Amino acid sequence: MPPLSTVDPQARHGHKTAARGFDGYKGHVGIDPDSEIITATTVTAGNSGDAEPATDLLADDLSVPTPTGDQDSDDRVHDGANDGEVREGLAVYGDAASGSGALVAELERAGARVLVKVQPPVAPAGRFAKDRFTIDTAAATVTCPAGATAVIRPTKDGGGTAR
């Protein structure tokens, strides 16, 4: 397959919707909502997910203040955990394209108040979405919305299936 562009071979096809596409790159901007000051920017390929660059854009905000040893209490050390406590004033906003599970988990670990829309679960061909089922990994069972329970059978890759 030839490159998308002879001028810029790293450009990629992106999609805003299933019917509306574009060629090139995506620009991502971090903004302080109170002051409206741009705090960080980055560019990714057009085919990359919107949540991918978010942790880089929020790197300073995701650092957890942790006093250690002889350091002053104002020193910042990123330890990747905040014990689920919400940090005062740290709120993160985003649209559904930014609401990946990994990003939301990272924001919660940092103690952010997460105001990122999460995409609704997909239910193909009129079936129930996964969030409508009760999954009990300890008992290795799945219960459907109608109340029927099935056993989860282990698969070679470490996961499981139920019918």
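Please refer to the structure higher up on the page.
First, a word on what this report is: a plain description of the structure on this page. As the structure is a computational prediction, the values presented were derived from the model and not from experiment.

## Topic: the nonpolar core
In step 1: A51, A54, L58, L62, L90, V92, L103, L107, A110, A112 and V116 together form the largest nonpolar core, which totals 11 residues.
In step 2: Those residues in contact with V92 that lie beyond four places of it in its chain are L58, L107, A112, R113, V114, L115 and V116.

## Comments concerning the pairing of strand 2 (residues 21-32)
In step 1: The pairing of strand 1 (residues 12-15) with strand 2 spans four bridges and is classified as antiparallel. Bridged to R12 within strand 2 is G24.
In step 2: As consecutive antiparallel partners, strand 2 and strand 3 (residues 37-45) are separated by four residues, and within that stretch E36 has a phi angle of approximately 60 degrees, a positive value.

## Observations concerning a nonpolar patch on the surface
In step 1: Taken together, the side chains of V29, I31 and I38 define a hydrophobic patch exposed on the protein surface, amounting to about 280 Å² of accessible area.
In step 2: As for its position among the elements, I38 is in strand 3.

## Regarding the side chain of S48
In step 1: Looking at the element boundaries, S48 is found in the loop between strand 3 and helix 1 (54-57).
In step 2: For S48, the side chain forms a polar contact with the main-chain oxygen of A45, separated by 2.8 Å.

## Looking at the sheet that holds strand 7 (residues 141-143)
In step 1: In space, the three strands of this open sheet follow the order 6-7-8, with antiparallel pairing throughout. Two strands lie at the open edges of the sheet, namely strand 6 (134-136) and strand 8 (149-151), each paired on one side alone. Here the strands of the sheet are splayed against their neighbours by 20 degrees on average, with no regard to which way each runs.
In step 2: Judged from the three bridges that link them, strand 6 and strand 7 form a sheet pairing that is antiparallel.

## Here's the deal with the environment of A11
In step 1: One can find A11 in the segment before strand 1.
In step 2: For the pair A11 and A45, spaced 34 residues apart in the sequence, the C-alpha separation amounts to 6.3 Å.

## A word on the pattern of salt bridges
In step 1: Inspection of every chain in the model, using the stated rule, returns one salt bridge.
In step 2: Two residues, R109 and E106, come together in a salt bridge whose shortest N-O distance is 2.9 Å. Here the residue R109 and the residue E106 both occupy positions in helix 3 (residues 101-109), the gap between them amounting to three residues, near one helical turn.
In step 3: The class of R109 is partly exposed, set by a relative accessible area of 39%.

Cut-off values and rules
- Counting restarts for each chain: residues are numbered from 1 in the order of the written sequence.
- This being a predicted model, a pLDDT of at least 70 is required before a residue's local features are given, and a value of 80 or more before pairs of side-chain atoms are given or counted; all residues contribute to the totals for chains, interfaces and linings.
- Note: side-chain values were computed over all heavy atoms of the structure, leaving out hydrogens and water.
- Buried residues of nine kinds, namely Ala, Val, Leu, Ile, Met, Phe, Trp, Tyr and Cys, make up a nonpolar core once their side-chain atoms join them within 4.5 Å.
- For the exposure calls, accessible area comes from a 1.4 Å probe over protein chains only, and a residue counts as buried if that area is under 20% of its type's maximum, exposed if over 50%, partly exposed in between.
- Between two residues, a contact is recorded if the distance between any of their heavy atoms is within 4.5 Å.
- Any two strands between which DSSP finds at least two bridges are classified as paired.
- Per the convention used, a helix needs a DSSP run of H or I reaching at least four residues, while a strand needs a run of E reaching at least two, with both numbered from the N terminus.
- The patch calculation keeps residues exceeding 30% relative accessible area without a salt bridge and links them within 9 Å when they carry like charges or within 5 Å when they are nonpolar (Val, Leu, Ile, Met, Phe, Trp, Tyr).
- What sets the accessible areas is the Shrake-Rupley method with a 1.4 Å probe; for residues, cover comes only from the shown protein chains.
- The term salt bridge refers to a side-chain nitrogen of Lys or Arg lying within 4 Å of a carboxyl oxygen of Asp or Glu.
- Polar contacts, as used here, are pairs of N or O atoms within 3.5 Å; protein pairs need one atom able to donate a hydrogen and one able to accept it. Residues neighboring in sequence count only if both atoms are side-chain atoms.
- Fitting a line to C-alpha atoms yields each axis, with helices limited to the stretch in contact; the angle taken between N-to-C directions then spans 0 to 180 degrees.

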